[in-house]
Amino acid sequence: MQAPTGPFHLQTPEQVIPQPIEVLPQTEAETLRTALAPTTWALRGQRNRAFVLATGEGHLDIGDTTLAIPAPGVLWLPASRSARLTLSAGTRGATLTVSELALGRAVPSGPVGRQVREALFHPIVGARLTPAAARDLIGLAEAVGAELRGGLPGAQEAARHHLVLFLISLWRISSPQPMRVQSAPRAIVRNFLHLVELHLSDHWSVGDYAQFLSVSRARLTSAVKRVTGRTPLQLIHERLSSEAETLLSESNLQVSEIADTLGFKDAGYFNRFFKRETGRRPGDVRRAGPRKARPHGTFAEWP
């Protein structure tokens, strides 16, 4: 074996520089400044989207429905909800795009986190803000974007904390407030319907809803009947039967699985409830196949 010539150097493995963990994949945030003409986005529902407007205005087209977006105001569109957003010329604010994985990592655990997740599963459209609240939300969104672009040590975690504050702020905007502050009948009904969407499968009693809203059961019943012409229990049962009909006609779930999904103790109880409310058996709906879409499948546009 030929002896090595020249200086002998011991080769060591190249130093491996650890790459930062991507805590918030597919997440972007930036300042929003539209041009001197209206700007339109096709929101395809692949990620969660938020738009905070400080000035200007816009409108959101979801199917055949057009909803106004005022300023100062906020729009939250969950993933899986496709829409078309148009903002007027000169609109100012911030936009935030969050993947489902990033959202799951950012939302805190515990009871508050559960409520945040439930609230953000639904769109927030046309919610008005005070100028100060809009500035705060815009600042949080811009802080998320600055951290993600800056790449400083701990940037992903810092961005996550700013995102947590942003999401909690959205939850506070969307969640019903105690009626000590806002007790008009229409406000009570709106908050009640929002709670029904969140707790449909929990089978809350009318008293549970009244207690959460800090009003008496009689006050809640009176407000709901005045605005909708029906009792709270009738609306709860209508929403449950509507959701059951959707699952029966448009999913492959067994009747027992649908009963469990909707919070019923057993399939027999679910069958009796559905027959009483609709006049049909679950099997009849399943054999009939997909139904025609209804204009008000949820309470989203009520009252």
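All values derive from a computational prediction rather than experimental measurement.

Engineer: Explain the pattern of salt bridges to me, please; I cannot follow it from the model alone.
Structural biologist: Where charged atoms from two side chains of opposite charge come close, those side chains can pair. Enumeration over the complete set of coordinates arrives at eight salt bridges. The partner of R160 in a salt bridge is E157, with the nearest N and O atoms 3.0 Å apart. Of the two residues, R160 and E157 both sit in helix α4 (residues 155-174), three residues apart, roughly one turn of that helix. On the accessibility criterion, E157 (36% relative accessible area) is partly exposed. Note that R239 is salt-bridged to E197, the shortest N-O span being 2.7 Å. Of this pair, R239 sits in helix α8 (residues 232-250) while E197 sits in helix α5 (residues 185-199), and the two are 42 residues apart along the sequence. Ionic contacts of the salt-bridge type, sharing partners, join the residues E197, R239 and E243 into one network.

Engineer: When you look at the pairing of strand β7 (residues 83-87) in this model, what are you seeing that I'm missing?
Structural biologist: Sheet faces and side chains relate simply in a regular strand, where the side chains alternate between the two faces. The element β7 is extensively covered by neighbouring structure, given that four of its five residues are classed as buried. Pairing of strand β2 (residues 39-43) with β7 involves five bridges; the strand directions are antiparallel. By the bridge assignment for β7, L43 is matched with A83.

Engineer: Teacher, can you tell me more about the sheet that holds strand β4 (residues 58-62) here?
Structural biologist: The pairing of strands in a sheet comes from backbone hydrogen bonds and takes either a parallel or an antiparallel form. As summarised here, the arrangement of the four strands in space is β2-β7-β4-β5, forming an open sheet in which the pairing is antiparallel. The strands lining the two open edges of the sheet, one partner per strand, are β2 and β5 (65-69). For this sheet the average axis-to-axis angle between neighbouring strands, irrespective of direction, equals 20°. The sheet contact formed by β4 and β7 spans four bridges and is antiparallel. Within β7, the position partnered with L60 by the bridge is L85.

Engineer: Would you mind showing me how to read the confidence of the model for the chain here?
Structural biologist: As a general rule, the predicted coordinates of low-pLDDT regions are not to be interpreted in detail. Per-residue pLDDT for the chain averages 82, and the proportion of residues at 70 or more is 84%. Low pLDDT, under 50, characterises residues 177-182; the predicted model gives this stretch eleven contacts beyond four residues in sequence or across chains.

Engineer: Which parts of the structure should I look at to understand the packing of helix α2 (residues 110-120) against α4?
Structural biologist: Packed helix pairs are characterised by how far apart their axes lie and by the angle those axes make with each other. Running from N to C, α2 and α4 point in directions that differ by 70°, and their axes come no closer than 9 Å. The angle between α2 and α4 falls in the class roughly perpendicular. The segment α2 lies against α4, with V112, Q115, V116, A119 and L120 engaging L167, I168, L170, W171 and S174. Of the residues contributing to the contact of α2 with α4, the split by class is eight nonpolar, two polar and no charged.

Engineer: Help me understand the packing of aromatic side chains in this model?
Structural biologist: Two descriptors summarise a pair of aromatic rings, namely the distance from one centre to the other and the angle between the planes of the rings. A full pass over the atoms with the stated rule returns eight aromatic pairs. With a centroid separation of 5.1 Å and an interplanar angle of 55°, the aromatic rings of W204 and Y209 are classed as tilted. The partly exposed category is assigned to W204, whose relative accessible area is 21%. Feature note: the residues F264, Y269, F270, F273 and F274 constitute an aromatic cluster, connected by ring pairs. Directly above the aromatic system of Y269 lies the positively charged group of K265, at a separation of 5.5 Å from the ring centroid.

Engineer: How should I be thinking about the sheet that holds strand β8 (residues 92-98) in this particular structure?
Structural biologist: Judged by pairing direction, the sheet is antiparallel, and its five strands sit side by side in the order β1-β8-β3-β6-β9 without closing on themselves. Each edge of the open sheet is held by one strand with a lone partner, namely β1 (28-33) and β9 (124-128). Neighbouring strand axes in the sheet, compared pairwise and without regard to direction, differ in orientation by 15° on average. Here five bridges tie strand β3 (residues 48-55) to strand β6 (residues 73-77), and the two strands are oriented antiparallel to one another. Looking at β6, one finds that A50 is bridged to W76. Seen against the sheet, α4 touches β3, β6, β8 and β9 and runs at an angle of roughly 105° to β6.

Engineer: Would you explain the environment of S80 in this entry?
Structural biologist: Position of S80 relative to the elements: it lies in the loop between β6 and β7. Remark: the alpha-carbon pair of S80 and L43, spanning 37 residues in sequence, is separated by 9.6 Å.

Engineer: Would you mind showing me how to read unusual backbone geometry here?
Structural biologist: Excluding glycine, most residues fall at negative phi; most peptide bonds, likewise, are trans. A cis amide bond, omega -5°, links A71 with the succeeding residue P72. Examined against the element boundaries, P72 turns out to sit in the loop between β5 and β6. Positive phi, normally seen in glycine, also occurs at H203, with a value near 55°. Counting through the fold element by element, H203 comes out in the loop between α5 and α6 (206-212). For H203, a relative accessible area of 31% translates into the label partly exposed.

How each quantity is defined
Residues numbered from 1 in each chain as written. Predicted model: local features only at pLDDT ≥ 70, side-chain atom pairs only at ≥ 80, totals over all residues. Heavy atoms only, no water. Salt bridge = Lys/Arg side-chain N within 4 Å of Asp/Glu carboxyl O. Helix = DSSP H or I, 4+ residues; strand = E, 2+ residues; numbered from the N terminus. Buried < 20%, exposed > 50% of the residue type's maximum accessible area, 1.4 Å probe, protein only. Pairing = 2+ DSSP bridges. Axes fitted to C-alpha atoms, helices over the stretch in contact; angles between N-to-C directions. pLDDT = per-residue confidence, 0-100. Contact = heavy atoms within 4.5 Å. Parallel < 35°, antiparallel > 145°, perpendicular 65-115°, else oblique. Nonpolar A, V, L, I, M, F, W, Y, C, P; charged D, E, K, R; others polar. Phe/Tyr/Trp six-rings, centres within 6.5 Å; stacked < 30°, edge-to-face > 60°. Lys NZ or Arg CZ within 6 Å of the ring centre and 35° of its normal.

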